[in-house]
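Coordinates in review
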Amino acid sequence: MTINLTPEVIIMVLEIIHSGITTPQRCASKNDVVDHVKSAQHYAFLKRYLNKKRDMIEDDICLELCSPDTGLVKYRMFVVDRKEKSSLKFAILVVIQGRETEWLFSTPQGRQQLANNVNCERLIVVHLLRDNVYSSFEEVKNDLSAKVLELAPASCKEQVPILSIGDDVGQRDIRCKGKSDVSGEFVVEDVLSNKDLYRRLIFLNSPYIIQSEAKLLAKKKKKGSSKLQIDFDYIACDHHNAIISGFAFLKDKMLCPNILLIGLGGGTLPMYIHKHFPDANVEVVELDSCIFDVAKRWFNLVTDNRLKVHISDGLIFIQEAVMKGFNYDIVILDVDNKDMSLGISGPPVTFLETTVLQSMLELTSDLGLVIINLACRNSELYKEAYSKLKSVFKGMYSRKIPEEVNEVIYCIKTDDQKNILNEYTDNYSSLKSFIKKQSTYSDAFDFDIATCLTEIT
């Protein structure tokens with residue numbers, strides 16, 4: 001369409017009409033039109049491929065469905081095929097807001113297990129994305145029914161069920177959005193999960209990884225209103241539970257350790273230690289001052305003489321601490337990796353260099369330990385990390401986090417490795433009893449700890 005306003009001024013208006021949508025969509029440039037056409041061609045090819053494909057698709061195919069009103073991606077859909085035949089040929093499963101980060105829905109392995117649980121030959125797993133409004137489950141079904149049914153296999157002749165995890169579309173309230181030079185774009189959001197409200201910090205370069213999570217409590221004010229506050233009695237992250245469990249490797253300083261923690265996030269781990277271990281001292285090193293501000297404003301982080309935060313590069317801080325002769329009972333490495341292309345979510349590979357590991361060893365007391373939260377999907381990097389760890393530390397134990405890639409590694413410094421597991425088990429009983437007296441969640445550390453640990457040889 002061309003509009004001729006005057007002989008001198010000509011405005012070109014570019015519009016496209018999607019199949020099934022009567023309202024034209026305005027395009028800003030010719031490139032936008034080309035992108036729309038390419039997207040339609042790709043979808044048509046993919047639809048035909050899925051319709052004719054008889055063998056199982058080895059990897060998830062991901063598609064995105066945009067809102068015709070806003071142009072934003074509103075739904076992200078994963079096509080999951082099974083080898084096994086079933087009476088249920090095709091189904092759609094909608095994941096409510098806030099639960100898309102769970103292993104079952106966020107990973108190919110989890111979604112394959114989900115398809116097995118539903119006993120369906122082809123399952124479409126649908127995520128509801130932030131920055132959109134979902135008024136009801138009926139609205140979601142109406143949005144999906146036309147397009148998603150086109151992805152059904154040719155063998156599907158019956159009515160297609162649209163299933164849901166939950167009774168509605170869930171609740172997600174975005175409290176803060178920002179961007180830092182170090183961490184990129186991030187969001188702080190409150191999500192409802194199993195009738196409890198949680199606050200999450202998520203870096204948008206890894207939207208399915210929860211950087212920090214805390215349970216929220218409504219505290220009543222004098223005038224009858226309520227205010228949301230962080231529940232520092234609750235441990236939302238399983239790997240934080242595993243890190244604190246490692247305190248039992250200490251003999252005399254288990255309840256009063258001097259701790260160096262690399263990586264702050266929302267600050268939920270140091271705040272838990274601060275509250276439940278009144279004789280402990282924690283120094284935190286965080287590279288990103290913006291995230292420090294987020295922790296204070298949105299996760300109620302409070303610093304004092306027992307909890308200090310240094311804005312610094314962790315590598316530099318470790319080197320300088322060694323030069324100054326600093327000493328800690330526990331050094332904890334719980335820092336994320338910004339380069340997701342390497343297949344390791346944390347720590348950055350530079351922290352796993354032999355010289356850095358040796359420096360962390362030097363920072364620990366004679367009976368101390370280094371605790372590392374390792375999240376690595378790259379098998380070669382994983383083997384390399386283990387090799388370097390074993391070259392530095394005399395004793396190591398591992399605790400894998402169920403249904404997560406995270407693995408917490410306890411690196412022991414002491415020369416006396418004899419009976420260390422028996423001593424750890426006895427100490428853990430004392431640690432568990434101590435925490436129960438401090439916390440409202442008495443079962444948080446009720447594990448058969450001996451079966452959770454694996455010695456690394």
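Here's what I pulled together on the structure shown here. All of these numbers come straight from a predicted model, not from anything done at the bench.

What counts and what doesn't
- Residues numbered from 1 in each chain as written.
- Predicted model: local features only at pLDDT ≥ 70, side-chain atom pairs only at ≥ 80, totals over all residues.
- Heavy atoms only, no water.
- Axes fitted to C-alpha atoms, helices over the stretch in contact; angles between N-to-C directions.
- Helix = DSSP H or I, 4+ residues; strand = E, 2+ residues; numbered from the N terminus.
- Parallel < 35°, antiparallel > 145°, perpendicular 65-115°, else oblique.
- Left-handed = near helix turned anticlockwise from the far one by under 90°.
- Contact = heavy atoms within 4.5 Å.
- Nonpolar A, V, L, I, M, F, W, Y, C, P; charged D, E, K, R; others polar.
- Phe/Tyr/Trp six-rings, centres within 6.5 Å; stacked < 30°, edge-to-face > 60°.
- Lys NZ or Arg CZ within 6 Å of the ring centre and 35° of its normal.
- Salt bridge = Lys/Arg side-chain N within 4 Å of Asp/Glu carboxyl O.
- Buried < 20%, exposed > 50% of the residue type's maximum accessible area, 1.4 Å probe, protein only.
- Pairing = 2+ DSSP bridges.
- Core = buried A, V, L, I, M, F, W, Y, C linked by side-chain atoms within 4.5 Å.

All right, on to the packing of helix H5 (residues 238-245) against helix H6 (residues 268-276) then. It is at 11 Å that the axes of H5 and H6 come closest, and there the two elements cross at 45°. Judged by the angle between their axes, H5 and H6 are oblique. H5 and H6 meet at a crossing whose hand is right-handed. Mapping the contact onto sequence places His-240, Ile-243 and Ile-244 in H5 and Thr-268, Leu-269 and Tyr-272 in H6. Split into classes, the residues belonging to the contact of H5 with H6 amount to four nonpolar, two polar and no charged.

All chains considered together, the criterion is met by ten aromatic pairs. Ring pairs connect the aromatic residues Phe-249, Tyr-397, Tyr-410, Tyr-424 and Tyr-428, which therefore count as one cluster. Between the NZ or CZ atom of Arg-111 and the centre of the ring of Phe-78, over which it lies, the distance is 3.7 Å. Just above the ring of Phe-447 sits the side chain of Arg-399; from NZ or CZ to the centre is 4.7 Å.

Think of it this way: side chains of opposite charge can pair up when their charged atoms draw near. All chains considered together, the criterion is met by 26 salt bridges. Glu-213 is the salt-bridge partner of Arg-200, the closest N and O atoms lying 2.8 Å from each other. Here the residue Arg-200 occupies a position in strand S12 (residues 196-203), and Glu-213 occupies one in strand S13 (residues 212-220), the gap between them amounting to 13 residues. Glu-213 shares its class with Arg-200; the two are buried. Beyond isolated ion pairs, a larger network of salt bridges with shared partners links Glu-100, Arg-130, Arg-172 and Glu-189.

Further remarks concern the pairing of strand S10 (residues 172-180). Two strands pair when backbone bridges link them, and S10 and strand S11 (residues 184-193) are joined in this way by eight bridges, in the antiparallel orientation. For Cys-176, the partnering residue across the bridge sits in S11 and is Val-188. Turn length for the S10-S11 hairpin, with the two strands adjacent in sequence and antiparallel, is three residues.

What follows concerns the nonpolar core. In this structure, Phe-249, Phe-277 and Tyr-410 are the most contacted members of the largest nonpolar core, which totals 57 residues. If one sorts the elements of this core by residue count, helix H11 (residues 420-438) sits on top with six residues. Ignoring sequence-local partners within four residues, the contact set of Phe-249 consists of Leu-369, Tyr-397, Tyr-410, Ile-412, Ile-420, Tyr-424 and Leu-453. Counting residues in each nonpolar core, the second largest holds 32 residues, with Ile-262, Val-356, Ile-372 and Leu-389 among its members.

Taken together, five strands build an open sheet; the order of strands is S10-S11-S12-S13-S14 and the sheet is antiparallel. Edge positions in the open sheet fall to S10 and strand S14 (226-230), since each of these has one partner strand only. Between one strand axis and the next, the sheet turns through 25° on average, direction left out of account.

Below, the discussion takes up the sheet that holds strand S7 (residues 88-97). Read across the sheet, five strands follow the order S5-S6-S8-S7-S9 without closing on themselves; strand pairing throughout is mixed. Strands with a single pairing partner mark the edges of an open sheet, and in this sheet they are strand S5 (61-66) and strand S9 (162-170). Across the sheet, the axes of successive neighbouring strands diverge by a mean angle of 20°, strand direction being ignored. By the bridge criterion, six bridges tie S5 to strand S6 (residues 73-81) in an arrangement that is antiparallel. Residue pairing in the sheet places Cys-66 in a bridge with Val-73 of S6. Running over the sheet, helix H4 (residues 137-148) touches S5, S6, S7, strand S8 (120-128) and S9 and is turned about 60° from S6.

That's the geometry; what it means functionally is another story.
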